[in-house]
Amino acid sequence: MAQTSIEWTELTWNPVTGCTKISAGCKFCYAEVMTRRLKAMGVEKYKDGFKKVRIHEETLGIPYTWKKSKIVFVNSMSDLFHKDVPLEFIQRVFQVMHENPQHVFQVLTKRADRLAEIHDHLTWSHNIWMGVSVEDELVLDRIDFLRNTGARVKFLSLEPLIGPLPNINLDGIDWVIVGGESGHKARSMSPEWVLDIQEQCEHSKVAFFFKQWGGKNKKKAGRELNGQTYDEMPDIEIERYI
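Being a predicted model, the structure only gives us computed values, none of them experimental.

Reading the values: rules and limits
- Residues numbered from 1 in each chain as written.
- Predicted model: local features only at pLDDT ≥ 70, side-chain atom pairs only at ≥ 80, totals over all residues.
- Heavy atoms only, no water.
- Core = buried A, V, L, I, M, F, W, Y, C linked by side-chain atoms within 4.5 Å.
- Buried < 20%, exposed > 50% of the residue type's maximum accessible area, 1.4 Å probe, protein only.
- Helix = DSSP H or I, 4+ residues; strand = E, 2+ residues; numbered from the N terminus.
- Contact = heavy atoms within 4.5 Å.
- Pairing = 2+ DSSP bridges.
- Axes fitted to C-alpha atoms, helices over the stretch in contact; angles between N-to-C directions.
- Salt bridge = Lys/Arg side-chain N within 4 Å of Asp/Glu carboxyl O.
- Expected span 1.5 Å × (residues − 1).
- Arc of directions from axis to C-beta.

Describing the nonpolar core
Argument step 1. Core analysis: the largest hydrophobic core is formed by 50 residues, its most contacted members being Trp13, Phe81, Leu156, Leu158, Val176, Val178 and Ile197.
Argument step 2. Counting residues per element, this core draws most heavily on helix 2 (residues 87-98), at 6 residues.
Argument step 3. In contact with Leu158, not counting residues within four places along its chain, are Val134, Leu165, Ile168, Val176, Ile177, Val178, Gly179 and Ile197.
Argument step 4. In this structure, Val104, Leu108, Trp129 and Val153 belong to the second largest nonpolar core, which totals 13 residues.

Right, dumping it as structure tokens:
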């Protein structure tokens, strides 16, 4: 468990570490950069670097120790649906989430095809929010894979947004997060892309969360859109947990 500055969650929990890149959104992966730093600091969990996917059974008991209800981003440093993560371990992670209904667990993947392959083998408790990352039009099919799962709350992380996404099919989607890339080599995000997505969400009555403009100095760039901050979240049962 770790406190986090990610605006749309409270804690991160990483039963898996390490990953491999599969699409354009992975180019400047923040988890890869953070893994290098943690490895250099001698943190045991990250000793094998980023490209080695490792499961950490010792972390499975952590959610049982949280005394207050939390909103938790699962696997901020990896992808739970990576091909190197055994189905049996994914099922154990889902069982932990199922047995801790007082918390909201936010699971996010770029590997929506594997999610679709195994979703029938998972326990979909009402407190498990499932999302997919969509950075441009080339990976819009991830949304269709997500839509067919048993998740009570389904969300999209459009970050880093590196291209326009007109006419998104938001049927069955409860929440959309949008964010620009950050860092010294960050690819730019057009305000028109963000405004269009916000309007699509408003039209479809989908909660819209604008995370950041990003860039070299994301704090300076801020996170206001249309002169306001968008912090909308799904209202589906969330009141029970926070």
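A look at the side chain of Thr59
Argument step 1. If you trace the backbone, Thr59 turns up in the loop between strand 4 (54-55) and strand 5 (71-74).
Argument step 2. Given a relative accessible area of 5%, Thr59 falls into the buried group.

So, the sheet that holds strand 5
Argument step 1. Pairing within the open sheet is mixed, and its 8 strands lie in the order 1-2-5-6-7-8-9-10. Two strands in the sheet have a free side with no partner beyond their single neighbour: strand 1 (2-3) and strand 10 (207-212).
Argument step 2. Judged from the 5 bridges that link them, strand 9 (residues 175-179) and strand 10 form a sheet pairing that is parallel. Considered in strand 10, the bridge of Val178 is made with Phe210.
Argument step 3. Strands strand 8 (153-158), strand 9 and strand 10 of the sheet are contacted by helix 5 (residues 191-204), whose axis makes an angle of about 160 degrees with strand 10.

What to know about the pattern of salt bridges
Argument step 1. Following the criterion strictly, the structure yields 14 salt bridges and no others.
Argument step 2. With its nearest N and O atoms 2.9 Å apart, the salt bridge here joins Glu32 to Lys21. Pair noted here: Glu32 is in helix 1 (residues 30-40) and Lys21 is in the loop between strand 3 (16-17) and helix 1, with a separation of 11 residues, a long-range link.
Argument step 3. Note on Glu32: relative accessible area 16%, which makes it buried.
Argument step 4. For the salt bridge of Arg36 with Glu32, the shortest nitrogen-to-oxygen distance reads 4.0 Å.

Structural notes on the pairing of strand 9
Argument step 1. Counting buried positions over the 5 residues of strand 9 gives 5, a clear majority of the element.
Argument step 2. Alternating residues of strand 9 divide into Trp175, Ile177 and Gly179 and Val176 and Val178, and every residue in both groups is buried.
Argument step 3. Across 4 bridges, strand 8 lies against strand 9 in parallel orientation. By the bridge assignment for strand 9, Ser157 is matched with Ile177.

Observations regarding the environment of Val176
Argument step 1. Counting through the fold element by element, Val176 comes out in strand 9.
Argument step 2. Val176 gets classed as buried once you look at its relative accessible area, which sits at 1%.
Argument step 3. Between the C-alpha atom of Val176 and that of Glu232, which follows or precedes it by 56 residues, the distance is 9.0 Å.

What to know about helix 5
Argument step 1. The terminal C-alpha atoms of helix 5, which comprises 14 residues, lie 20 Å apart, in line with the 20 Å expected from a rise of 1.5 Å per residue.
Argument step 2. Residues of helix 5 that are buried: Val194, Ile197, Gln198, Gln200 and Cys201. Here the buried residues of helix 5 occupy an arc of 160 degrees about the axis, which is enough to place them on one side. Of the exposed residues in helix 5, those oriented more than 90 degrees away from the buried face are Glu192, Glu202 and His203.
Argument step 3. Summarising the contacts, the buried residues of helix 5 are in contact with strand 8, strand 9, strand 10 and strand 11 (224-225).

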